[in-house]
Amino acid sequence: MKIAIAHGDGIGPEIMKAVLSLFDAAGVPLEYVPVDMGKWVFDKGYNNGMTPEAQQTIESLGILFKGPMETPKGKGVKSVNVTARKTWNTYANKRVFQTLHGVDTVFSKAGIPIDLTIVRENIEDTYGGIEHMLTHDVALSRRFITRPGSEQVIRYAFEMARKKGARRITCGHKANIMKITDGLFLEVFYEVAKEYPELKSDDVIVDDLCMKMVTRPDLFDVVVLTNLQGDIVSDLCAGLVGGLGFAPSANIGDHICIFEAVHGTAPDIMGKNIANPTALLLSGLAMLRHLGFMGHAARIENALLYTLESGARTGDFGDKSKPALNTTEFIQTIINNLGKTPAHGARPILEDKPITPTQYKLEKNPLIMSKETMDEKIVGADFFVESEEQPTPVAEKILAGLNPKFELVTISNRGTQVWPKGSVFTNLVNQYRCRIESKDAAACTQEEILELYQHFMKEFKVCSIEILNMWGEKKGYSLAQGQ
Ligand code: NAI
């Protein structure tokens, strides 16, 4: 079986070489096809950080094992890591965090075992990077949460939890504040949960989740979150089990999967042969299991666990009174321990059952077909306008000559209502959101919205506009704070 390998930047080549030498010593039957990705590819003028040949190879092989890659600063280019995840729709980012004997943490010392799997949505959310300056003083980021995108990652999390024999699956969210976006994610979570009655499914607000994770991490099993919250929570979990050196990651899509460590290129220690290769190794083991090489993965993992139990360490962890090994020595110790069984958490040596790689041709995109059946109508629009005036004169200008089919419902500033009612204590910036709704929620046309735009244009610079939709009796927009 062939897989694509990108060595990466910084410590990437050092730790990748070490991990592959261990795979070779263990007789892993994989052939590695190197691909050109990373900083040096940006420097050659490829704006997405990979050559067309690299893209073609990865798309034909379906598996990429990659080292960390640097995003050049200040060149206006996007991270190749994020581009790869998004281009190939690796919608689920799975990160497993487990207590490792020999890696001391406050929890291991307190005898509290950790076995947490975080599934982070990998495509949507603020990671779309759709950002604009609306006025000189006001920046806006658009946060997309979609029903089919949420369903893909949540279904993956439930399937994985079922296979793992998990006792609990939890949705982390902030739906109390982001009622529409996180509300949608949570709604989809409970819809999918109905198909998995054997799993205890529940939800926790993300701030409470963080507090509970640092006090009782053993209460959680599988946790699924949106992209940004998942990013933050999974780094928190890395801290619980000993740091970035032990945090693996699998980016799972239906056709292409990417396996990489959570950490970056560690420029401060690059070229010194002292980096900890464990996170990349654990990512590689997840890849072997994904490909069906259960036996090889278990044998290598047992050697790793045995090595850690014996006190062998790289400089970033372990008993500082013992000398640290360099990357090459650490991997060689694991190689020497192949065939040994650790005292704690030994993995059973199952039979290898390699999967058959599928050649896939995308003919149509199934997510684009909505299952919505309720009537949809436009009932108004939010106009974001630039102004340094107070709310009342802004309202008076809008109301003068407004089409009588519509009414000005509210004006808010930074999401807080300032008209018709507000507080003198609300601080204002030079941008208002003015909500125009049709009377009695009558359906209106896009032409009428355009006429409203022209009405606003006479008095204001319109910075942005957002259509107000309804599905049946359900409003597709949030209320302003205080409305
Ligand atoms: P980083 O993860 O590279 O380093 C943070 C700290 O952890 C440093 O002190 C580093 O020495 C240490 N560290 C990281 N991995 C280690 C290892 N395996 N062994 C021992 N110590 C280790 O994060 P930073 O400095 O924020 O980012 C550096 C570069 O990496 C940036 O260009 C960033 O864009 C890129 N990056 C790439 C990622 C990827 O390829 N998936 C992920 C995160 C960052």
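You'll find the structure just up there.
Honestly, helix 11 (residues 294-309) in this entry has me stumped. Any pointers?
In an α-helix there are 3.6 residues to a turn, and that puts residues three or four apart on one side. Between its first and last C-alpha, helix 11 extends 22 Å over 16 residues, near the 22 Å set by a 1.5 Å rise per residue. Residues of helix 11 that are buried: Gly295, His296, Ala297, Ala298, Ile300, Glu301, Asn302, Ala303, Leu304, Leu305, Thr307 and Leu308. Its buried side turned inward, helix 11 meets helix 1 (12-25), strand 4 (92-98), helix 10 (278-290) and helix 12 (327-336). Where helix 11 ends, the next residue or the one after it, glycine 311, has phi of about 95°, a positive value.

Just to check I follow, could you spell out the packing of aromatic side chains for this structure?
The geometry of an aromatic ring pair comes down to the distance between the two centres and the angle between the two planes. Under the defined criterion, the tally for this structure stands at 9 aromatic pairs. With centroids separated by 6.3 Å and ring planes inclined at 10°, the aromatic side chains of phenylalanine 23 and phenylalanine 65 adopt a geometry described as stacked. Highlighted residues: phenylalanine 23 in helix 1 and phenylalanine 65 in strand 3 (residues 63-66), separated in sequence by 42 residues. For the pair phenylalanine 23 and phenylalanine 65, a shared accessibility class is recorded, and that class is buried. Both rings, one in phenylalanine 158 and one in phenylalanine 189, keep their centres 5.3 Å apart while their planes meet at 45°; by these two values the pair is tilted. Taken together, the positions of phenylalanine 158 in helix 6 (residues 147-164) and phenylalanine 189 in helix 7 (residues 181-193) put the pair 31 residues apart, joining distant regions of the chain. Assessed through its relative accessible area of 0%, phenylalanine 158 is described here as buried. For phenylalanine 189, a relative accessible area of 0% translates into the label buried.

How do you make sense of the site of the ligand when you look at a structure like this?
Around the ligand, 21 residues are found, and the nearest of them are Met69, Gly264, Ala266, Asp268 and Asn276. Between a nitrogen atom of the ligand and a side-chain N or O atom of glutamate 260, the distance comes to 3.1 Å. For the ligand, an oxygen atom lies 3.0 Å from a polar atom in the backbone of threonine 265. Look at the ligand: alone it shows 820 Å² of surface, and the protein chains cover 68% of it. Residue classes in the shell around the ligand are distributed as 9 nonpolar, 6 polar and 6 charged.

Would you mind going over the sheet that holds strand 13 (residues 376-386) with me for this structure?
Picture the strands of a sheet paired through backbone hydrogen bonds; they go either parallel or antiparallel. Taking strand neighbours across the sheet as the criterion, the 6 strands line up as 15-14-16-13-17-18 in an open arrangement whose pairing is antiparallel. Where the open sheet ends on each side, the last strands, each with one partner, are strand 15 (416-419) and strand 18 (474-475). Alignment of strand 17 (residues 461-471) against strand 18, held across 2 bridges, turns out to be antiparallel. Looking at strand 18, one finds that tryptophan 471 is bridged to lysine 474. Contacts from helix 14 (residues 446-457) reach strand 13, strand 14 (406-413), strand 16 (431-438) and strand 17 within the one sheet, and its direction differs from that of strand 13 by about 15°.

How should I be thinking about the packing of helix 1 against helix 10 in this particular structure?
In a pair of packed helices, the angle between the axes and the distance between the axes together describe the arrangement. Taken N-terminus to C-terminus, the directions of helix 1 and helix 10 make an angle of 45°; their axes are 10 Å apart at the nearest point. Comparing the axis directions of helix 1 and helix 10 gives the class oblique. Pair helix 1 / helix 10 crosses with right-handed handedness. Along the contact surface, helix 1 presents Ile15, Met16, Val19, Leu22 and Phe23, while helix 10 presents Leu280, Leu281, Gly284, Leu285, Met287 and Leu288. Among the residues forming the contact of helix 1 with helix 10, the class breakdown is 10 nonpolar, 1 polar and no charged.

What is the right way to look at the pattern of salt bridges in this model?
If charged atoms from side chains of opposite charge come close, those side chains can pair. Evaluated as defined, the whole model comprises 29 salt bridges. Note that lysine 200 and aspartate 202 form a salt bridge whose closest N and O atoms lie 3.4 Å from each other. On the basis of relative accessible area, aspartate 202 is assigned to the buried category, the value being 14%. For lysine 405, the salt bridge identified is with glutamate 448, shortest N-O distance 3.1 Å. Here lysine 405 is found in the loop between helix 13 (391-399) and strand 14, whereas its partner glutamate 448 is found in helix 14, with 43 residues between them in sequence. The structure contains a network of salt bridges with shared partners spanning Glu151, Arg155, Glu195 and Lys371.

Would you mind going over the environment of methionine 16 with me for this structure?
Along the chain, methionine 16 falls in helix 1. As for methionine 16 and glutamate 260, which are separated by 244 residues in sequence, their C-alpha atoms are 10.0 Å apart. Setting aside anything within four residues of it in sequence, one finds methionine 16 in contact with Ile5, Ala6, His7, Phe65, Lys66, Gly67 and Leu280.

Please explain the nonpolar core as it appears in this structure.
A general feature of soluble globular proteins is that nonpolar side chains tend to end up buried together. Counting 73 residues, the largest nonpolar core has Phe23, Phe65 and Ile300 as the members making the most contacts within it. Counting residues in hydrophobic clusters, the runner-up holds 22 residues, among them Ile398, Phe406, Leu408 and Trp419.

In this structure, what is going on with the pairing of strand 7 (residues 138-141)? I would like to understand it.
In this sheet, strand 7 lies alongside strand 6 (residues 131-135) in antiparallel orientation, the contact comprising 4 bridges. Within strand 7, the residue paired with histidine 132 across the bridge is leucine 140. Linkage of strand 6 to strand 7, two consecutive antiparallel strands, is achieved through a turn of 2 residues.

Looking at this model, I keep getting lost on the sheet that holds strand 12 (residues 257-261). Mind explaining?
With mixed pairing, 10 strands are arranged side by side in an open sheet as 2-1-3-12-11-4-5-10-8-9. Sheet topology places strand 2 (31-34) and strand 9 (200-205) at the edges, where each strand pairs with a single neighbour. Each strand of the sheet is rotated relative to its neighbour by a mean of 25°, with strand direction disregarded. Relative to strand 9, strand 8 (residues 168-173) runs parallel, the two being bridged by 6 bridges. Pairing of cysteine 171 across the sheet is with aspartate 203, part of strand 9. Across the face of the sheet, helix 6 comes into contact with strand 4, strand 5 (115-121), strand 8, strand 9, strand 10 (222-225) and strand 11 (248-252) while running at roughly 160° to strand 5. Here helix 8 (residues 206-215) sits on the sheet and contacts strand 5, strand 8, strand 9 and strand 10; the angle it forms with strand 9, its principal contact strand, is near 105°.

Honestly, the side chain of glutamine 152 in this entry has me stumped. Any pointers?
Assignment of secondary structure puts glutamine 152 in helix 6. Judged by its relative accessible area of 16%, glutamine 152 is buried. Glutamine 152 has contacts with Asn89, Tyr91, Asp254 and Leu367, leaving out every residue within four places of it along the chain.

Here is what the cut-offs are and how they apply
Residues numbered from 1 in each chain as written. Predicted model: local features only at pLDDT ≥ 70, side-chain atom pairs only at ≥ 80, totals over all residues. Heavy atoms only, no water. Helix = DSSP H or I, 4+ residues; strand = E, 2+ residues; numbered from the N terminus. Expected span 1.5 Å × (residues − 1). Buried < 20%, exposed > 50% of the residue type's maximum accessible area, 1.4 Å probe, protein only. Contact = heavy atoms within 4.5 Å. Phe/Tyr/Trp six-rings, centres within 6.5 Å; stacked < 30°, edge-to-face > 60°. Near = heavy atom within 4 Å. Polar contact = N/O pair within 3.5 Å; in protein donor to acceptor, adjacent residues only side chain to side chain. Areas by Shrake-Rupley, 256 points an atom, 1.4 Å probe, with all protein chains shown as cover. Nonpolar A, V, L, I, M, F, W, Y, C, P; charged D, E, K, R; others polar. Pairing = 2+ DSSP bridges. Axes fitted to C-alpha atoms, helices over the stretch in contact; angles between N-to-C directions. Parallel < 35°, antiparallel > 145°, perpendicular 65-115°, else oblique. Left-handed = near helix turned anticlockwise from the far one by under 90°. Salt bridge = Lys/Arg side-chain N within 4 Å of Asp/Glu carboxyl O. Core = buried A, V, L, I, M, F, W, Y, C linked by side-chain atoms within 4.5 Å.

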